[in-house]
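Structural overview for review
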Amino acid sequence: MSTLLVRNIERLATMDDHRREIASGGLFIRDGFIEQVGLSTELPSTADEILDLSGHIVLPGLINTHHHFYQTLTRVVPAAQNSNLFHWLKILYPIWARMKPEHIRISTKTALAELALSGCTTASDHLYLYPNGSKLDDEIHAAREVGLRLHASRGSMSLGESKGGLPPDSVVEDEDEILNDSQRLIEQYHDPQPGSYTQVVLAPCSPFSVTSDLMRQSALLAREYGIQLHTHLAETKDEEEFCLELFGHRPVGYMAEVDWIGDDVWFAHSVHVNQEEIKLYARTGCGVAHCPTSNMRLASGIAPILDMLSAGVNVGLGVDGSASNDGSHLLEETRQAMLLSRVRAGMMGASLSGEDAPPLMSARTALEMATRSSAAVLGRTDIGSLEPGKCADFFAINLHQIDYAGALHDPLAALVFCAPRRVDYTVVGGKMIVKEGHMETVDEQALISQHNTLANQLMVG
Ligand SMILES: [Zn+2]
């Protein structure tokens, strides 16, 4: 039994059902779970460990619903800087095909450290190529060293170029092997209990890289074990044309055809969806991982997020892979989501003074997506808000810095409107992962140097 008392928090944003924001707040934590939330003066006065967060704002840990950790090795590759999705992938596939297990391990630690330093406490990752003996196990073990909660997606590609798919045949896998490995991973690692640190997800990569049969078989297997399904969907116009030509359906229609509709499914992107498809998502509980920076970087388009939210769709946030972001800063992604939504509102005819102007996404809505809605997208009820019984996952930022000077009439909104910065504390299950702005669980400098060496090796081949 161990207890942690967090007290004197200048502003505590709970993201609970009442969206309580408490001045001079505190948390009392026992064995990794929150026991009490309230005014500092109402909480016990002692604990095994006490953290004084005077001058800080505290929020529930941010939750990342889409990433490809390994891509931190191929950020800003010159030939892929100015391309859209299909061309970008064709440039990068052969580079990624050179990865070994060590690349997976080190890039996982880099991406998770970067996420933790931006306030993230739970991350989903989508690993869909396994060259040279790499396994999802490499990622799962590395994540345990960093200490964040991981939803590890067993991605897959089986439709190579010779069969009409986009990836080269050298990076696709045999479908029986994919399914056997998926089952092994679920049985070995998936933990559905409250406070879980590792969950396994089945995630065939995209309509243009796997067969319909693998989609159907993956759904059957996932449902047999009660685990979630994830894939890229409706990301670009190219994909829409591919689906219409090959399957005779738009991407969402194709998902219905292969039994990939339901509250156990979430899709990355969903940029090119129409109003009927949004209603289908809302009605059936399909979640969306919104990745605004990647959508801008690859010129994919602007997802109709406010339409989805007003229809009742669960929308979470994702930084997407670091070859199309090229960072893993989840608080920055929250800001991008708010700003890009406003660009769309402007394009749809918003006028700053007109009464008919469409609503603009608020900072609080963006933060809600990054916390409680992202938790719902991942099928979790034990994270995403700070309330008794939930995991003690939170981050803190010192408000008395130049970045927030003049913005303290609304500290919570300031986190989104003002320029994003490194957090001061990130705590997962009551354990400090970031302390005073630095990683506690990894040696940052050693990791950076290892990571750069491996990235250089990949580029030279
Ligand atoms: Zn992606």
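All values derive from a computational prediction rather than experimental measurement.

Conventions and cut-offs
Residues numbered from 1 in each chain as written. Predicted model: local features only at pLDDT ≥ 70, side-chain atom pairs only at ≥ 80, totals over all residues. Heavy atoms only, no water. Helix = DSSP H or I, 4+ residues; strand = E, 2+ residues; numbered from the N terminus. Buried < 20%, exposed > 50% of the residue type's maximum accessible area, 1.4 Å probe, protein only. Contact = heavy atoms within 4.5 Å. Areas by Shrake-Rupley, 256 points an atom, 1.4 Å probe, with all protein chains shown as cover. Lys, Arg positive; Asp, Glu negative; His and termini not counted. Charge placed at Lys NZ, Arg CZ, Asp CG, Glu CD. Polar contact = N/O pair within 3.5 Å; in protein donor to acceptor, adjacent residues only side chain to side chain. Salt bridge = Lys/Arg side-chain N within 4 Å of Asp/Glu carboxyl O. Donors = N, O, S within 2.8 Å, 3.2 Å for Na, K, Ca; no water. Tetrahedral: all angles 85-135°; square planar, octahedral: opposite > 155°, others 65-115°. Phe/Tyr/Trp six-rings, centres within 6.5 Å; stacked < 30°, edge-to-face > 60°. Lys NZ or Arg CZ within 6 Å of the ring centre and 35° of its normal. Axes fitted to C-alpha atoms, helices over the stretch in contact; angles between N-to-C directions. Parallel < 35°, antiparallel > 145°, perpendicular 65-115°, else oblique. Left-handed = near helix turned anticlockwise from the far one by under 90°. Pairing = 2+ DSSP bridges.

1. Thoughts on the overall build of the protein
A count of helices and strands for the protein gives 14 helices and 17 strands. Across its three principal axes, the protein shows a C-alpha extent of roughly 65 × 55 × 45 Å. Within the protein, buried positions represent 61% of all 461 residues. Put simply, of all contacts in the protein between residues at least 6 apart along the chain, 74% involve residues at least 24 apart. A total of about 17,200 Å² of accessible surface is found on the protein, and carbon and sulfur atoms cover 49% of it. Between the mean site of the 35 positive side-chain charges and the mean site of the 59 negative ones, the protein shows a separation of 2 Å.

2. Description of the side chain of Ser 196
Mapped onto the secondary structure, Ser 196 falls in the loop between α4 (175–189) and β9 (198–204). Within the structure, Ser 196 has its side chain in polar contact with the side chain of Gln 199 (distance 3.5 Å). If we skip the residues at most four places from it in the chain, Ser 196 touches Arg 149, Asp 191, Arg 380 and Asp 382.

3. Points about the environment of Leu 317
Along the chain, Leu 317 turns up in strand β13 (residues 315–317). Between the C-alpha atom of Leu 317 and that of Thr 371, which follows or precedes it by 54 residues, the distance is 8.6 Å.

4. Some details on the pattern of salt bridges
Per the counting criterion, the structure on display carries 27 salt bridges. Asp 16 is the salt-bridge partner of Arg 20, the closest N and O atoms lying 3.0 Å from each other. A salt bridge links Asp 17 to Arg 372; the nearest nitrogen and oxygen atoms lie 3.1 Å apart. Note that Asp 17 is positioned in the loop between β1 (3–13) and β2 (21–30) and Arg 372 in helix α12 (residues 363–377), a separation of 355 residues in sequence. Overlapping salt bridges, with partners in common, bring together Asp 137, Arg 154, Glu 173, Asp 181 and Arg 184 in one network.

5. Here's the deal with the coordination of the zinc ion
Only His 66 (NE2), His 68 (NE2), His 232 (NE2) and Asp 320 (OD) from the protein coordinate the zinc ion, and they sit 2.1 to 2.4 Å from it. What the 4 donor atoms of the zinc ion show is an angle range of 90 to 173° at the metal, which sorts the shape as irregular. Sequence positions of the donors to the zinc ion reduce to the motif H-x1-H-x163-H-x87-D. For the residue pair His 66 and His 68, the accessibility class agrees, reading buried in each case.

6. Structural notes on the environment of Ser 322
When you line up the elements, Ser 322 lands in the loop between β13 and α11 (330–347). Between the C-alpha atoms of Ser 322 and Ala 111, which are 211 residues apart in sequence, the distance is 8.3 Å. Not counting chain neighbours up to four residues away, the residues in contact with Ser 322 comprise His 67, His 68, Gln 71, Thr 72, Arg 75, Gly 327 and Ser 328. Only 3.2 Å separates the side chain of Ser 322 from the side chain of Ser 328, close enough to count as a polar contact.

7. A closer look at the packing of aromatic side chains
Counting across every chain of the model gives 9 aromatic pairs. Aromatic pair Phe 242 and Phe 247: ring centres 6.2 Å apart, planes at 70°, arrangement edge-to-face. For Phe 242, a relative accessible area of 17% translates into the label buried. An aromatic cluster of three or more residues is present, and its members are Tyr 70, Trp 88, Tyr 93, Trp 96 and Tyr 128. Here the guanidinium or amino end of Arg 149 rests over the ring plane of Tyr 197, the centre of that ring lying 4.3 Å away.

8. Side note on the environment of Ile 91
Relative to the helices and strands, Ile 91 is located in helix α1 (residues 85–96). When the C-alpha positions of Ile 91 and Arg 75 are compared, they lie 13 Å apart, and in sequence the two are 16 residues distant. Apart from the residues within four sequence positions on either side, Ile 91 is in contact with Ala 79, Ala 80 and Ser 83.

9. Section: the packing of α11 against α12
Packed helix pairs are specified by the crossing angle of their axes together with the interaxial distance, meaning the distance between the axes. Where α11 contacts α12, the two axes come as close as 9 Å, and the packing angle between them is 130°. Here α11 lies oblique to α12, going by the angle between them. The element α11 and its partner α12 pack so that their crossing is right-handed. Contacts between α11 and α12 involve Leu 331, Thr 334, Ala 337 and Met 338 from the former and Ala 363, Ala 366, Leu 367, Met 369 and Ala 370 from the latter.

10. Considering unusual backbone geometry
Cis peptide bonds are those with omega within 30 degrees of zero, and the linkage from Asn 325 to Asp 326 qualifies with 0°. Relative to the helices and strands, Asp 326 resides in the loop between β13 and α11. Positioned with a positive phi, Asp 31 is a non-glycine residue whose angle comes to about 50°. Tracing the chain through its elements places Asp 31 in the loop between β2 and β3 (33–39). Using a relative accessible area of 37% as the deciding quantity, one classes Asp 31 as partly exposed.

11. Here's the deal with the pairing of strand β7 (residues 120–127)
Taking burial as the measure, the 8 residues of β7 include 8 buried ones, the bulk of the element. Inspection of the sheet shows strand β6 (residues 62–64) paired to β7 by 3 bridges, in the parallel sense. By the bridge assignment, Leu 62 is partnered in β7 with Cys 120. Two elements, β7 and strand β8 (residues 149–156), share 6 bridges in a ladder whose sense is parallel.

12. Considerations on the pairing of strand β10 (residues 229–233)
Of all 5 residues in β10, 5 are buried; the element is thus mostly enclosed. Residues Leu 229, Thr 231 and Leu 233 of β10 are buried on one face, and the alternating residues His 230 and His 232, pointing to the opposite face, are buried as well. Pairing analysis gives 5 bridges linking β10 to strand β11 (residues 265–269), with the strands arranged parallel. In the strand pairing of β11, Leu 233 is matched with His 269.

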